[in-house]
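Observations on the model geometry
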Amino acid sequence: MEIANNKIKFEDYMLHKDILQALHLLGLHSPTPVQCEVIPHVLQKHDVIAQAQTGSGKTASYAIPLCELVDWEENKPQVMILTPTRELAIQVQQEITDIGKLKRIKAPALYGKQSFKGQEKDLKQKSHMVVGTPGRVLDHLERGTLFTGHIGYLVIDEADEMFHMGFIEQVEEIMSYLPKDRVTLLFSATMPKEVVRLAEQYLNNPVHIKIQGEELSSRNIAHKFYSCDGMHTDERIALLQNILKVHNPDSCIIFANTRAEVEDIYDALWDDEFSCGRLHGGMEQWERTEVMRDFKKGLFRYLVATDVAARGIDVENISLVVNYELPGDRETYIHRIGRTGRAGQSGMAISMLERYEQSELKALEKLLEQTIEELTLPDEAVLLEAEEAFRAKMNEEPEEKGNRNAALKAQIMKLQIDDGKKAKIRPVDLVGTICAIPGLEAKDIGVIQILDWTSTVEILNGKGQIVLDALQTKPIKAKVRKVRIAKEK
Ligand code: AMP
């Protein structure tokens, strides 16, 4: 992660202490170049069009000022963020929830293949920001379950990908539901003419920001290939297994072009006791979410995926990306390999190539400004030696990753109360009871959620245990309730 070297600190933006404290606990101290450029403009409510890659810190560049600007008292959404994929919507929601945790920002995610009703219920509660994919957001708008009257900020994230996935019309339709008097922020890794047209049509006198950022060509990624000329699927998968064993990475993504191939590769790796998971668009959303979460946590080492995992997804320390076959276009190659060599670390990208793909190879070399070296196929002796190290690694527990928000989480305990709306519990009942506990104040209470039969409340500032103990005997709305630590989803 490139940090601006002009010594700007987040404190310099005069942000609220709840936001600064959350950034501090998340280990974010100095803004990155895109954040230096974007944050002041958003705070001044200017429209912005920013060309920045994922990995530049662009999510926080809008999440930080927007968390600052939302009015906590307002119950209806004030910010809408549109992302092209569900995985990205979840990731953005997570980042907003972390940055806005101590301000108690609520940001439901709205994406497809997930219960509409559940989202509708979320939207009936306090929702400061909504993050979603265009299709489902439009669904909510058409069915009248998402009130837009107070939306003062719209973020279109990964606009070029929105265009590639054919979502631009939906984005335009969504905009027709939003107040005209709003701030619009558009982020895009590249600026195809459709994105420029969108910006010209809908943004109001925008500030143009272009972050060169770390060029992929300057990143520490070694590009290699293996020839698999004329191989049948079985041979090709067997070669893939051998390649993986020889390189024996701690954490790796294997990209294939179709769901069926992902399934075949995954089955073969699973049978050979690789520590692996898989991700493609044909899976149920809850499975996709779980797989991505577990991979980010480092619970398994190999993710076999289609390009749903190529864009914007931020997983720490991926040391190897393998193209089981080349993607249909060069831009996708760049996005795939952009999953490795992040945050100043080194990485390797390996492609499996047919001879007829040599011309594509040359084009990629030109684009990357480096040669893509051919590796020799591993022989029996190499494989035998690799097998031992590989088995040893598969038997090791992978190192846990993604503890970025551990310090923030340590300050917070989420309690679950086994009663909710049906018992006529309202937020004010919880606040009243908790504030009556010695040493507790309103600022120690985080996000409250009241469902039909259960409620949850976050206790901040490390005071969770005090509240948990007290509520074992203290009545909430005239009755002692069952209270326990909420299970993490
Ligand atoms: P993005 O470009 O939004 O995909 O962000 C890439 C990664 O950079 C995420 O894991 C962020 O948590 C991390 N990040 C964002 N801002 C900063 C910062 N100011 N300092 C260090 N890391 C950051």
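Not measured: the values here are computed from a predicted model.

**Brief notes about the packing of aromatic side chains**
What the rule picks out here adds up to five aromatic pairs. An aromatic cluster is present here, built from Phe274, Tyr302 and Phe390 joined pairwise through their rings.

**Notes on the domain arrangement of the protein chain**
The domain architecture assigned to the protein chain consists of domain 1 (10-214), domain 2 (219-395) and domain 3 (412-485). Distance between the C-alpha centres of domain 1 and domain 2: 31 Å. The partner domain 2 presents 18 residues to the 17 residues of domain 1 that form the contact. Of the roughly 1,500 Å² buried between domain 1 and domain 2 on both sides combined, carbon and sulfur atoms contribute 42%. Where domain 1 packs against domain 2, one counts one salt bridge. We note a salt bridge from glutamate 87 to arginine 288, for which the minimum N-O separation is 2.8 Å. Across the contact surface, domain 1 and domain 2 share three residue pairs in polar contact (both at pLDDT 80 or more). Residue assignment for the side of domain 1 that touches domain 2 shows that the elements contributing at least two residues are helix H4 (86-99) and helix H7 (159-164). With five residues, the top contributor of residues to the side of domain 1 that touches domain 2 is H4. A breakdown of the residues in the side of domain 1 that touches domain 2 according to their chemical character gives four nonpolar, six polar and seven charged.

**Describing the site of the ligand**
If you check the shell around the ligand, you find 17 residues, and the closest are Gln35, Gly55, Gly57, Thr59 and Asp314. Residue glutamine 35 places a side-chain N or O atom 2.7 Å away from a nitrogen atom belonging to the ligand. Residue glycine 57 places a main-chain N or O atom 2.7 Å away from an oxygen atom belonging to the ligand. For the ligand, whose free accessible area comes to 500 Å², the fraction covered by protein is 90%. Of the residues assigned to the shell around the ligand, the class counts are five nonpolar, eight polar and four charged.

**A word on helix H13 (residues 330-337)**
Those residues of H13 not exposed but buried are Thr332, Tyr333, His335, Arg336 and Ile337. On its buried face, H13 is in contact with strand E8 (221-227), strand E9 (252-255), strand E12 (320-323), strand E13 (347-353) and helix H14 (358-368).

**Re unusual backbone geometry**
One non-glycine residue, glutamate 369, lies in positive phi territory at about 55 degrees. Mapped onto the elements of the fold, glutamate 369 is located in the loop between H14 and strand E14 (373-374).

**Points about the environment of isoleucine 318**
With respect to the helices, strands and loops of the structure, isoleucine 318 is situated in the loop between strand E11 (302-305) and E12. Under the relative-accessibility criterion, isoleucine 318 is labelled buried at 4%. In sequence terms isoleucine 318 and glycine 230 are 88 residues apart; their C-alpha atoms lie 30 Å from each other.

**Considerations on helix H8 (residues 168-177)**
Burial in H8 covers these residues: Ile168, Val171, Glu172, Ile174 and Met175. Projected down its long axis, H8 shows its buried positions confined to an angular sector of 160 degrees, all on one face. Exposed residues lying more than 90 degrees from the buried face of H8 are Glu169 and Ser176. Next to the buried residues of H8 lie strand E2 (79-82), helix H6 (134-142), strand E5 (153-156), H7 and helix H9 (193-202).

**Concerning the sheet that holds strand E7 (residues 207-210)**
Spatial strand order, E3-E4-E2-E5-E6-E1-E7: seven strands in an open sheet with parallel pairing. If you trace the sheet from one side to the other, it starts and ends with strand E3 (109-110) and E7, each paired once. With four bridges joining them, E2 and strand E4 (residues 129-132) adopt parallel strand pairing. Bridged to leucine 82 within E4 is glycine 132.

**Concerning the sheet that holds E13**
With parallel pairing, the seven strands of this open sheet are ordered in space as E10-E11-E9-E12-E13-E8-E14. Across the chains shown, the open sheet's two edge strands, defined by having one partner strand only, are strand E10 (276-279) and E14. The sheet contact formed by E9 and E12 spans four bridges and is parallel. Directly across from phenylalanine 255, in E12, lies its bridge partner asparagine 323.

**Things to note about the packing of helix H10 (residues 233-247) against helix H11 (residues 259-271)**
Contact geometry of H10 with H11 gives a least axis separation of 10 Å together with a crossing angle of 55 degrees. The orientation of H10 with respect to H11, classified from their angle, is oblique. Here the hand of the crossing between H10 and H11 comes out right-handed. Between H10 and H11, the residues in contact are Ile237, Leu240, Gln241 and Leu244 and Asp264, Ile265, Ala268 and Leu269, respectively.

Cut-off values and rules
Residues numbered from 1 in each chain as written. Predicted model: local features only at pLDDT ≥ 70, side-chain atom pairs only at ≥ 80, totals over all residues. Heavy atoms only, no water. Phe/Tyr/Trp six-rings, centres within 6.5 Å; stacked < 30°, edge-to-face > 60°. Domains from an automatic or database assignment. Contact = heavy atoms within 4.5 Å. Buried area = accessible area lost by both parts, 1.4 Å probe. Salt bridge = Lys/Arg side-chain N within 4 Å of Asp/Glu carboxyl O. Polar contact = N/O pair within 3.5 Å; in protein donor to acceptor, adjacent residues only side chain to side chain. Helix = DSSP H or I, 4+ residues; strand = E, 2+ residues; numbered from the N terminus. Nonpolar A, V, L, I, M, F, W, Y, C, P; charged D, E, K, R; others polar. Near = heavy atom within 4 Å. Areas by Shrake-Rupley, 256 points an atom, 1.4 Å probe, with all protein chains shown as cover. Buried < 20%, exposed > 50% of the residue type's maximum accessible area, 1.4 Å probe, protein only. Arc of directions from axis to C-beta. Pairing = 2+ DSSP bridges. Axes fitted to C-alpha atoms, helices over the stretch in contact; angles between N-to-C directions. Parallel < 35°, antiparallel > 145°, perpendicular 65-115°, else oblique. Left-handed = near helix turned anticlockwise from the far one by under 90°.

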